[in-house]
Amino acid sequence: MNILKKRSWELPGRDATPEHVFLNRRQILAGMIGGGVLAGSGLGVRPAFAEEDPSAGLYPVSRNPAFKLDRELTAEDIASKYNNFYEFGSHKQIWPAAQKLQIRPWTVTLDGLVDNPQIVDIDTLLSKMPLEERLYRHRCVEAWSMAVPWSGFPLAELVKLAGPQSGAKYLRFETFLEPSVANGQKQSWYPWPYVEGLTLDEATNELAFMATGVYGKPLAKQFGAPIRLVTPWKYGFKCIKSVVRVSFTDQRPVSFWEEIQPKEYGFWANVNPEVPHRRWSQASEKILGTDERRDTLLYNGYQEQVAGLYKDLGGENLFM
Ligand SMILES: Nc1nc2c(c(=O)[nH]1)N[C@H]1C(S)=C(S)[C@@H](COP(=O)(O)O)O[C@H]1N2
Ligand SMILES: [Mo]
């Protein structure tokens, strides 16, 4: 725990803290050195984006017009080179390192309190699911945002496939654990694997989405290929990447960031401009790829769809 305190600059707050300016530059350099080493190894010869993905033929999928933006889409080149994926480093330039991730074969385990526990192959899952494109805003707890065209399917469809039993109240999501591929997972002060959780009600809300593609193509690895969660009314850390397991449970899951720093990162993590992070304001956000700052919206602008989920939860810390 001592180590954690010393390493507090690695928490998601870096962007909003003064030391970030210094550390990020240093970390960018470290990232470049890492990329060079990778390029010299057998693994590094694989091109960054061009690797054939067996699901490539499924995209682009048709856009669901129900989900509208109030801003421009973030350019692909910007969004795909500024990522949070601590498995590959605690800086934003992880996209070269993330190319080491092997995304086939890939299975997703559905287990716990369900009628249909199963281990489903990603390509079988893709063939069963109704794929669509949705334009969503994304708001990181570090007070930056982007707007992204995700492809994928409603999380409610995955819930249906699993068939939750009456005792199931929460979904617990888990990312892969492969320290030989993901160098960040060698850092033992983090509680790997990355874990996130939702209530069953949140998971079946129309907005909750499993992304398998973005920008009209399969997910690039740095976005959390081959499948990641997208909950646009919550801070970005809820959107767990590269999911290998979804467990249905009666216990509220303790998420990765909550385990590290429960005073700053909670279970609900709904966006609210009026509830500051312990170390910075959440009132506005920097729009990635621009000089623009915008006022942050309650539930990131998705109040109409999700406010009802929380009406009986007055005692809960809904906004951290
Ligand atoms: N497994 C895993 N999932 C993760 C993270 C991570 O470090 N590991 N970072 C989260 C955070 S803080 C954010 S803001 C988003 C970033 O998604 P993006 O890189 O696709 O923009 O992923 C989330 N999902
Ligand atoms: Mo984030």
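Scroll up a little and you will see the structure.
Residues numbered from 1 in each chain as written. Chains lettered and ligands numbered in written order. Predicted model: local features only at pLDDT ≥ 70, side-chain atom pairs only at ≥ 80, totals over all residues. Heavy atoms only, no water.

Chemist: How would you sum up the overall build of the protein? Please name residues and give values.
Modeler: Across its full length, the protein holds nine helices and 12 strands. Taken across its 320 residues, the protein has 54% of its residues classed as buried. Carbon and sulfur atoms form 55% of the exposed surface of the protein, whose accessible area is close to 13,900 Å². (Helix = DSSP H or I, 4+ residues; strand = E, 2+ residues; numbered from the N terminus. Buried < 20%, exposed > 50% of the residue type's maximum accessible area, 1.4 Å probe, protein only. Areas by Shrake-Rupley, 256 points an atom, 1.4 Å probe, with all protein chains shown as cover.)

Chemist: Let's hear about the pairing of strand 5 (residues 170–175): which residues, and what values?
Modeler: The buried count for strand 5 comes to five of six residues, which makes it a mostly enclosed element. Here strand 5 runs beside strand 6 (residues 195–199); their pairing, made up of five bridges, is antiparallel. Bridging across to strand 6, Arg 172 finds its partner in Gly 197. Looking at chain direction, strand 5 and strand 10 (residues 243–249) are connected through six bridges and run antiparallel. Looking across to strand 10, one finds that Leu 171 is bridged to Phe 248. (Pairing = 2+ DSSP bridges.)

Chemist: Requested: an account of the sheet that holds strand 5, with residues and values cited.
Modeler: A sheet is described by the order of its strands in space; here five strands give the open sequence 2-1-10-5-6, paired in mixed fashion. Each end of this open sheet is capped by a strand with a single partner; those strands are strand 2 (118–121) and strand 6. The mean inter-strand angle of the sheet, taken between neighbouring strand axes irrespective of direction, is 20°. (Axes fitted to C-alpha atoms, helices over the stretch in contact; angles between N-to-C directions.)

Chemist: How would you explain empty space enclosed by the protein if you had to name every residue and give the values?
Modeler: A complete count under the given rule lists three cavities of 30 Å³ or more for this structure. Its volume calculated, the largest cavity comes out at about 310 Å³. The wall of the largest cavity is formed by 24 residues, among which Asn 84, Phe 85, Gly 236, Phe 237 and Lys 241 lie closest to the centre. Broken down by element, the lining of the largest cavity gets its largest block of residues, three residues, from strand 4 (residues 144–154). Here the residues of the lining of the largest cavity sort into 15 nonpolar, six polar and three charged. (1 Å grid on protein atoms, 1.4 Å probe; cavity = no way out; pocket = protein on both sides within 12 Å on 5 of 7 lines; lining within 4 Å. Points joined across faces, edges and corners; volume = space filled by probe spheres on them. Nonpolar A, V, L, I, M, F, W, Y, C, P; charged D, E, K, R; others polar.)

Chemist: So what's going on with the pairing of strand 11 (residues 284–287)? Residues and values would help.
Modeler: Here strand 4 runs beside strand 11; their pairing, made up of two bridges, is parallel. Bridging across to strand 11, Trp 144 finds its partner in Lys 286. Examined bridge by bridge, strand 11 and strand 12 (residues 293–295) share three bridges and lie antiparallel to one another. Counterpart to Lys 286 in the pairing with strand 12 is Arg 293. Taking the residues between adjacent antiparallel strands as the criterion, strand 11 and strand 12 are bridged by five residues, where Gly 289 takes a positive phi near 85°.

Chemist: I'd like a description of the nonpolar core, backed by residues and values.
Modeler: Side chains of nonpolar character tend, in soluble globular proteins, to be buried together. Core analysis: the largest hydrophobic core is formed by 84 residues, its most contacted members being Trp 150, Leu 155 and Phe 173. Apart from residues no more than four positions distant in its own chain, Leu 155 is found in contact with Leu 171, Phe 173, Leu 198, Ala 203, Ala 208, Phe 209, Met 210 and Leu 229. (Core = buried A, V, L, I, M, F, W, Y, C linked by side-chain atoms within 4.5 Å. Contact = heavy atoms within 4.5 Å.)

Chemist: Give me the site of ligand 1: which residues, what numbers.
Modeler: What surrounds ligand 1 is a group of 18 residues, the closest being Tyr 86, Glu 87, Met 146, Cys 239 and Lys 241. Take Glu 87: an N or O atom from its side chain is 2.8 Å from a nitrogen atom of ligand 1. Side-chain polar atom of Arg 228 to an oxygen atom of ligand 1: 3.1 Å apart, as the coordinates give it. About the coverage of ligand 1: the protein hides 100% of its 540 Å² of free accessible area. Spatially, ligand 1 is embedded in the largest cavity. When the residues that make up the shell around ligand 1 are grouped by side-chain class, the tally is 10 nonpolar, five polar and three charged. (Near = heavy atom within 4 Å. Polar contact = N/O pair within 3.5 Å; in protein donor to acceptor, adjacent residues only side chain to side chain. Sits in = over half its atoms within 2 Å of the grid points.)

Chemist: I'd like to hear about unusual backbone geometry, residue by residue, with values.
Modeler: Following Trp 192, the chain continues to Pro 193 via a peptide bond in cis, the omega torsion being -5°. Here the bond from Ala 225 into Pro 226 is cis, since omega is -5°, no more than 30 degrees from zero. Locating Pro 226 in the fold gives a position in the loop between strand 8 (217–218) and strand 9 (228–230). A positive phi is found at Ser 242, a non-glycine position, where the angle reads about 45°. Phi at Asn 300 is positive, roughly 55°, even though this residue is not glycine. Along the chain, Asn 300 turns up in the loop between strand 12 and helix 9 (303–306). A relative accessible area of 1% means that Asn 300 is categorised as buried.

Chemist: How would you explain helix 6 (residues 155–162) if you had to name every residue and give the values?
Modeler: What helix 6 keeps buried is the set Leu 155, Leu 158, Val 159, Leu 161 and Ala 162. Along helix 6, the residues classed as buried sweep out an arc of 160° about the axis, all on the same side. The first or second residue beyond helix 6 is Gly 163, which carries a positive phi of 70°. (Arc of directions from axis to C-beta.)

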